[in-house]
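This is what each chain is made of:
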Amino acid sequence: MSPALLNQQVPLPSGFDKTTTAREVLQGLRLDGRTAIVTGGYSGLGLETVRALSEAGAQVIVPARDMQKAEAALAGMDKVEIAWLDLINPRSIDEFAQQFLSRNRPLQLLINGAGIMIAPLTRDARGYESQFSTNHLGHFQLTARLFPALRQANGARVVCVSSAGHRLSDIHFEDPNYYHRPYEKWPAYGQSKTANVLFALALDTLGKNVGVRAFSLHPGAIFTPLLRFMAHEDYGVVGALNEQGEIKTTAEAGFKTPEQGAATAVWCATSPQLEGRGGVYCEDCDIATLMIEKDALHGVMPWAVDAESAHKLWKLSEQLTGVTFNPDES
């Protein structure tokens, strides 16, 4: 691993912490004239992200697979648009991006926040495992298609919402889609979250020369609809069961509120403290440390900030999606 990469994973410090909310991150900042796209922006952390960005003046576009649900969740919010997109459907990704590009508007902020967690084994139409497809490959293709607008912004940020769950698995390059090994929902989730970190690293390396910086992050532990596939025993895995086997409250579990959980993504997308930086994994509104021990409570695993793996994943993603993506030439 490059010493330069290791040196990047050092807290600033930012002055924020795990209790900081998205609105507090944006205090004193105005985003008028900026356009943001937030996947997953009509539920959980994404909804709070959209709320904070739009209140600060940004024009926010929310891609939605369930248009009716999105319209209900975002009703009454100013400066928010909704457009259909299904991240597991490559054609819908291309149609969404083409519709946006046809308006010839720069894209300053792309927050790749949609995802699924510990889903049972399902596959997209191409046969790819759903967590890897939704959480990583869909966002890879979306970012590729939108890159001309990101480049046009002359200073854009792409934010990939990962998770501390990335410590559960590196990328299994020989069999990322579980064709030849038994499916395990937790490692599959971990692999997709490692992919988010590696994608941000590779994108930043390739995009910084044209003014596009990328970041990844762990938002914190939060009770959101992302947990819809959780069996009762899975709550124990994340420390959310008490001694009686009951699910703890947010306070009892030490979890964040959705407003706090959205803060790190908003910080990565907008903070002046990150000017001239990129490719780093963040948590609690600051750059995270490198994780030395796998059971540590904080930090990023070395395998997720490895430049060689990031390049290898980029090439694999191009192969699986059929999207050749060279930011220098986009």
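Criteria and cut-off values
Residues numbered from 1 in each chain as written. Predicted model: local features only at pLDDT ≥ 70, side-chain atom pairs only at ≥ 80, totals over all residues. Heavy atoms only, no water. Helix = DSSP H or I, 4+ residues; strand = E, 2+ residues; numbered from the N terminus. Buried < 20%, exposed > 50% of the residue type's maximum accessible area, 1.4 Å probe, protein only. Contact = heavy atoms within 4.5 Å. Expected span 1.5 Å × (residues − 1). Salt bridge = Lys/Arg side-chain N within 4 Å of Asp/Glu carboxyl O. Disulfide = S-S within 2.5 Å. Polar contact = N/O pair within 3.5 Å; in protein donor to acceptor, adjacent residues only side chain to side chain. 1 Å grid on protein atoms, 1.4 Å probe; cavity = no way out; pocket = protein on both sides within 12 Å on 5 of 7 lines; lining within 4 Å. Points joined across faces, edges and corners; volume = space filled by probe spheres on them. Nonpolar A, V, L, I, M, F, W, Y, C, P; charged D, E, K, R; others polar. Pairing = 2+ DSSP bridges. Phe/Tyr/Trp six-rings, centres within 6.5 Å; stacked < 30°, edge-to-face > 60°. Lys NZ or Arg CZ within 6 Å of the ring centre and 35° of its normal.

**Examining the overall build of the chain**
- Helices and strands together make up the secondary structure of the chain, namely 12 helices and 8 strands.
- Each of the 330 residues in the chain was classed as buried or not, and the buried ones make up 56%.
- Taking the contacts inside the chain whose residues are at least 6 apart along the sequence as the reference set, 73% of them involve residues at least 24 apart.

**Observations concerning the environment of T194**
- Along the polypeptide, T194 turns up in helix α7 (residues 185-207).
- Separated by 25 residues in the primary sequence, T194 and S169 place their C-alpha atoms 7.1 Å from one another.
- Not counting chain neighbours up to four residues away, the residues in contact with T194 comprise H166, S169, D170, I171, W303 and A304.

**Quick notes on helix α3 (residues 44-55)**
- Over its 12 residues, α3 extends 17 Å from the first C-alpha to the last, a length consistent with the 16 Å expected when each residue adds 1.5 Å.
- G44, L45, G46, L47, E48, T49, V50, A52, L53 and S54 are the residues of α3 that are buried.
- Positioned one or two residues after α3, G57 has a phi angle of 105 degrees, which is positive.

**Comments concerning α7**
- Across its 23 residues, α7 extends 32 Å between first and last C-alpha, which sits within 8% of the 33 Å expected from 1.5 Å per residue.
- Within α7, 19 of the 23 residues are buried, which leaves it mostly tucked inside the rest of the structure.

**Digging into the pattern of salt bridges**
- Within the structure shown, the criterion is met by 13 salt bridges.
- Measuring nitrogen to oxygen at the nearest pair gives 2.9 Å for the salt bridge that ties R30 to D32.
- Overall, the relative accessible area of 48% leaves D32 in the partly exposed class.
- Here the salt bridges do not stand alone but share partners, grouping E81, R103 and R105 into one network.

**Notes on the state of the cysteines**
- By the definition in use, this model includes 0 disulfides.
- We note that C285 lacks a disulfide partner, and the nearest cysteine sulfur, in C268, lies 8.0 Å from it.
- Given the relative accessible area of 1%, C285 is considered buried.

**Some thoughts on the environment of G211**
- Structurally, G211 can be placed in the loop between α7 and β6 (212-218).
- Put simply, G211 and N154 are 57 residues apart on the chain and 5.4 Å apart in space, counted from C-alpha to C-alpha.
- G211 has contacts with G155 and A156, leaving out every residue within four places of it along the chain.

**Things to note about the side chain of N177**
- The residue N177 is located in the loop between β5 (156-161) and α7 in this model.
- A distance of 2.9 Å separates a polar side-chain atom of N177 from the backbone nitrogen of E129.

**A short note on empty space enclosed by the protein**
- A complete count under the given rule lists 2 cavities of 30 Å³ or more for this structure.
- Around the largest cavity, the lining residues are N112, A114, N135, H139, C160, V161, K193, N196 and F199.
- Elements supplying a minimum of two residues to the lining of the largest cavity: α6 (130-152), β5 and α7.
- It is α7 that contributes the most residues to the lining of the largest cavity, 3 residues altogether.
- A per-class count over the lining of the largest cavity returns 4 nonpolar, 4 polar and 1 charged.

**Observations regarding the sheet that holds β6**
- Strand order in the open sheet made by the 8 strands is β3-β2-β1-β4-β5-β6-β7-β8, with mixed pairing throughout. In this open sheet, the two edge strands, each paired with only one partner strand, are β3 (80-84) and β8 (286-287).
- Two strands pair when backbone bridges link them, and strand β2 (residues 59-64) and β3 are joined in this way by 5 bridges, in the parallel orientation. Paired with V60 across the strands is V80, a residue of β3.

**As for the layout of surface pockets**
- In this model, the second largest pocket occupies a volume close to 260 Å³.
- For the second largest pocket, the lining is made up of 18 residues, of which R34, G155, R157, A269 and E275 are closest to its centre.
- Here the lining of the second largest pocket is built from residues that sort into 7 nonpolar, 5 polar and 6 charged.

**A word on the packing of aromatic side chains**
- A complete count under the given rule lists 4 aromatic pairs for this structure.
- A centroid spacing of 5.3 Å and a plane angle of 80 degrees characterise the contact between F140 and W314, whose relative ring orientation is edge-to-face. Separated by 174 residues along the polypeptide, F140 in helix α6 and W314 in helix α12 (residues 307-321) bring together distant segments of the chain.
- Since its relative accessible area comes to 0%, F140 is described here as buried.
- Seen from their ring centres, Y178 and Y183 are 5.1 Å apart, and the 75 degrees between their planes marks the pair as edge-to-face.
- When its relative accessible area of 22% is taken as the criterion, Y183 is described as partly exposed.
- What links up through ring pairs into an aromatic cluster is the set F140, F199 and W314.
- It is R181 that lies over the ring of Y178; its NZ or CZ is 3.7 Å from the centre.

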